[in-house]
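Tertiary structure, described
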Amino acid sequence: MFGSGKGKSTNHGHHAVETLVGPRAVIRGDVNFTGGLYVEGTIHGKVVADDGSAAVLTIADKGRVEGEVRAPVVVINGHMQGDVYASERVELAANARVQGNIHYKVVEMAAGAMITGRLIHADAPLAQLTGPDTAPAPAARVKAKGEPQEA
């Protein structure tokens, strides 16, 4: 797995892994990274790629991130709890389980992936909450029994 992606471009789906969070590792705190970060363990905290870096975050099928994620490319095949901000692309593999909103430019989603949240396109304008155009009509008054009806 690690050797097969050597020398290949990230445009073809192969990502050079520079940092590995092993399956028994638990990190409590924020993680800043550049290059490729491959998570097989658990991270409790924000995972943020340095500005301007060509970073790729991959969450393996047994991996888990509980916190906000910000990176150009995010590949999820494990559990993600928190919002995802991908400035370039999000790939959701078949075992992906995401609880949070996904902000993306391009999204690829395999059959079986699950999202509990919203998919929000990066170029989409933010929806504005609007109030009622006119004041609400007054509530109808219930007449008591035996009270004369108005015509």
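None of the values given here were measured: they were computed from a predicted structure.

Quick notes on the rules
- Residues numbered from 1 in each chain as written.
- Predicted model: local features only at pLDDT ≥ 70, side-chain atom pairs only at ≥ 80, totals over all residues.
- Heavy atoms only, no water.
- Helix = DSSP H or I, 4+ residues; strand = E, 2+ residues; numbered from the N terminus.
- Buried < 20%, exposed > 50% of the residue type's maximum accessible area, 1.4 Å probe, protein only.
- Contact = heavy atoms within 4.5 Å.
- Areas by Shrake-Rupley, 256 points an atom, 1.4 Å probe, with all protein chains shown as cover.
- Pairing = 2+ DSSP bridges.
- Axes fitted to C-alpha atoms, helices over the stretch in contact; angles between N-to-C directions.
- Core = buried A, V, L, I, M, F, W, Y, C linked by side-chain atoms within 4.5 Å.
- Salt bridge = Lys/Arg side-chain N within 4 Å of Asp/Glu carboxyl O.
- Patch = residues over 30% accessible without salt bridge, like charges linked within 9 Å, V, L, I, M, F, W, Y side chains within 5 Å.
- Phe/Tyr/Trp six-rings, centres within 6.5 Å; stacked < 30°, edge-to-face > 60°.
- Lys NZ or Arg CZ within 6 Å of the ring centre and 35° of its normal.

On to the overall build of the chain. Secondary structure summary: the chain contains 0 helices and 16 strands in total. Relative to its full complement of 151 residues, the chain shows a buried share of 33%. Taking the contacts inside the chain whose residues are at least 6 apart along the sequence as the reference set, 5% of them involve residues at least 24 apart. As displayed, the chain offers around 9900 Å² of accessible surface, 52% of which is attributable to carbon and sulfur atoms.

It is worth spelling out the sheet that holds strand β2 (residues 26-28) at this point. If you walk across this open sheet you meet the 6 strands as β2-β5-β8-β10-β12-β15, and the pairing is parallel. Each edge of the sheet is formed by a strand with only one pairing partner; in this case those strands are β2 and β15 (114-116). Neighbour to neighbour, the strand axes of the sheet diverge by 5° on average, direction disregarded. Sheet topology note: the strand β8 (residues 64-66)/strand β10 (residues 79-81) ladder contains 3 bridges and is parallel. Following the sheet pairing, E66 is matched in β10 by Q81.

With that settled, consider the nonpolar core. L57 and I76 are the most contacted members of the largest nonpolar core, which totals 26 residues. At the level of secondary structure, the elements contributing two or more residues to this core comprise β3 (31-33), β4 (36-39), β6 (47-49), β7 (56-59), β9 (69-76), β11 (84-92) and β13 (102-104). Not counting chain neighbours up to four residues away, the residues in contact with L57 comprise F33, L37, V39, V47, V69, V73, V74 and V75.

Moving on, we come to the pattern of salt bridges. Taken as a whole and judged by the stated rule, the model has 3 salt bridges. For E66, the salt bridge goes to R64, with nearest N and O atoms at 3.7 Å. When its relative accessible area of 29% is taken as the criterion, R64 is described as partly exposed. In this structure, the salt-bridge partner of R89 is E91, at a minimum N-O distance of 2.8 Å. Across the pair, exposure class does not vary: R89 and E91 are buried alike.

What follows is about a nonpolar patch on the surface. Among the surface-exposed residues, V107, M109 and L119 lie close enough to one another that they form a single nonpolar patch of about 230 Å² accessible area. For L119, the location among the structural elements is in strand β16 (residues 119-121). Classification of L119 by relative accessible area gives partly exposed; the value is 41%.

With that settled, consider the packing of aromatic side chains. In total, this model carries 0 aromatic pairs according to the counting rule given. Its end group placed over the ring of Y85, R70 keeps NZ or CZ at 3.9 Å from the ring centre.

Pairing of β9 with β11, which is carried by 7 bridges, proceeds in the parallel orientation. Residue V73 lies in a different strand from β11, and its bridge partner there is R89. Pairing geometry for β11 and β13, over 2 bridges, is parallel. Considered in β13, the bridge of Y85 is made with H103. As defined by bridge partners, β11 adjoins strand β14 (residues 106-109) across 4 bridges and the pair is classed as parallel. Bridge pairing in β14 links V90 to V107.

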